[in-house]
Amino acid sequence: MPAVRSDFITDYDPLADAWWDPRGPLAPLGWIARARAGFVPAVPADRHGSARLLDIACGGGLFAPHLAGRGYRVVGVDLSFQSLRQARAHGYDATARADMSRLPFADESFDVVTAGQCLEHVPDPYSVVAEACRVLRPGGTLIADTIADTGAARLAAITLAENLPLPGRPTPGTHDHRLFVNRERLLATARDHGVELRLHGLRPHLRDGLRYLAGRREDVRMVRTRSTGVLFLAVGRKR
């Protein structure tokens, strides 16, 4: 059996020019970023500019448009130099090249921590969750989205998504089903580190998806579903 890849995140360097291509292989990450932003809490007026949000595995900064004017100082972390350059160009206040399982920040130093579409690319996603909880202040919000370790997710995210010749198709080999995330273990890890998560299933809006495939729309809204068996979003506050 092939070894589990542990270096995929750095492979985003050759794709850096595709981050903002609405029909390129990274386009769906922008759709999910918008859904994630819907869970970011409002900043009290007296904390505008001082509240801090950490975006783990920020990539090319697709989260930035959804945070503009919301009062956060946004910090991005990634392993890809080229992606970080894109993030800075698109509005991140600061960036750092770092391993997301060993974040270079003090305990309890962020009001919000997000981890979008990255947990399914590392051998130990639970260590990343533990780190995210560590740097989150009490009362702060953790938001993560990832792919469940189910047969349905393998079918949707790999067999179909990576092989059908459609716009927005991920590069073949993007996902390794052995890295997909166990939901119960994710919940338990966060709970052990002071965060009680609630899971929300996500899927593309069907009409948007059809219009996108027909070339009549440049993005696709994500909608919540009861099922968390494929793509899901986890949200919780730290005690």
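**Quick notes on the overall build of the chain**
Item 1. Across its full length, the chain carries six helices and eight strands.
Item 2. Rg of the C-alpha trace for the chain: 17 Å, near the compact-globule value of 18 Å for 239 residues, within the 12% margin.
Item 3. Considering only C-alpha atoms, the chain reaches an extent of 50 × 35 × 35 Å along its principal axes.
Item 4. Taking as baseline every contact in the chain between residues at least 6 positions apart, the subset at least 24 positions apart corresponds to 71%.
Item 5. With an accessible surface of roughly 11100 Å², the chain has 53% of that area assigned to carbon and sulfur atoms.

**Structural notes on the sheet that holds strand β6 (residues 195-204)**
What holds strands together in a sheet is hydrogen bonding between their backbones, with the strands either parallel or antiparallel.
Item 1. Spatially, β3-β2-β1-β4-β5-β8-β6-β7 is the arrangement adopted by the eight strands of the open sheet, whose pairing is mixed. With partners counted over all chains shown, the strands left at the sheet margins are β3 (94-97) and β7 (222-225), one partner each. Each strand axis lies, on average, 25 degrees off the axis of its neighbour in the sheet, ignoring direction.
Item 2. On top of the sheet, helix α3 (residues 125-135) reaches β1 (51-56), β4 (110-116), β5 (136-147), β6 and β8 (231-238); it is set at about 155 degrees to β5, its chief contact.

**Looking at the side chain of Thr146**
Item 1. Tracing the sequence through the fold places Thr146 in strand β5.
Item 2. With residues near it in sequence (within four places) discarded, Thr146 still touches Gln117, Leu119, Glu120, Val181, Val230, Leu231 and Phe232.

**Section: the pairing of strand β2 (residues 72-78)**
Item 1. Taking burial as the measure, the seven residues of β2 include six buried ones, the bulk of the element.
Item 2. As judged from the six bridges shared by β1 and β2, these two strands associate in the parallel manner. Residue pairing for β2: Arg52 is matched across the bridge by Arg73.
Item 3. The pairing of β2 with β3 spans four bridges and is parallel. In the sheet register, Val77 faces β3, and the bridge partner there is Ala96.
Item 4. Handedness of the β-α-β unit built from β2, helix α2 (residues 81-89) and β3 comes out right-handed.

**A short note on the confidence of the model for the chain**
Item 1. On average, residues of the chain score 94 in pLDDT, and 95% of them are at 70 or above.
Item 2. In this model residues 1-7 is a low-confidence stretch, pLDDT under 50, and it forms 13 contacts with partners more than four residues away in sequence or in other chains.

**As for the pattern of salt bridges**
Item 1. As enumerated under the stated definition, the model contains 13 salt bridges in all.
Item 2. With a closest N to O distance of 3.0 Å, Arg102 and Asp99 form a salt bridge.
Item 3. We classify Asp99 as partly exposed; its relative accessible area is 27%.

**Some words on the nonpolar core**
Item 1. Counting 33 residues, the largest nonpolar core has Leu54, Ile56, Val113 and Leu186 as its most contacted members.
Item 2. Residue assignment for this core shows that the elements contributing at least two residues are β1, β2, β4, α3, β5, α5 (183-192), β6 and β8.
Item 3. With six residues, α3 is the single largest residue contributor to this core.

**Thoughts on helix α6 (residues 206-213)**
Item 1. For α6, the full list of buried residues reads Asp208, Gly209 and Tyr212. An end-on view of α6 places all buried positions within 100 degrees of arc, on one side of the element. Within α6, the exposed residues directed more than 90 degrees away from the buried face are Leu206, Arg207 and Leu210.
Item 2. Against the buried residues of α6 lie α1 (27-37).
Item 3. Gly215 occupies a position one or two residues after α6 and carries a positive phi of about 80 degrees.

**Quick word on the pairing of β1**
Item 1. Burial within β1 is extensive, with five of its six residues counted as buried.
Item 2. Judged from the four bridges that link them, β1 and β4 form a sheet pairing that is parallel. Opposite Ile56, over in β4, you have Ala115 as the bridge partner.

Conventions we followed
- Residues numbered from 1 in each chain as written.
- Predicted model: local features only at pLDDT ≥ 70, side-chain atom pairs only at ≥ 80, totals over all residues.
- Heavy atoms only, no water.
- Helix = DSSP H or I, 4+ residues; strand = E, 2+ residues; numbered from the N terminus.
- Rg over C-alpha atoms; globule rule 2.2 N^0.38 Å.
- Contact = heavy atoms within 4.5 Å.
- Areas by Shrake-Rupley, 256 points an atom, 1.4 Å probe, with all protein chains shown as cover.
- Pairing = 2+ DSSP bridges.
- Axes fitted to C-alpha atoms, helices over the stretch in contact; angles between N-to-C directions.
- Buried < 20%, exposed > 50% of the residue type's maximum accessible area, 1.4 Å probe, protein only.
- Right-handed = clockwise from strand over helix to strand, strands pointing away.
- pLDDT = per-residue confidence, 0-100.
- Salt bridge = Lys/Arg side-chain N within 4 Å of Asp/Glu carboxyl O.
- Core = buried A, V, L, I, M, F, W, Y, C linked by side-chain atoms within 4.5 Å.
- Arc of directions from axis to C-beta.

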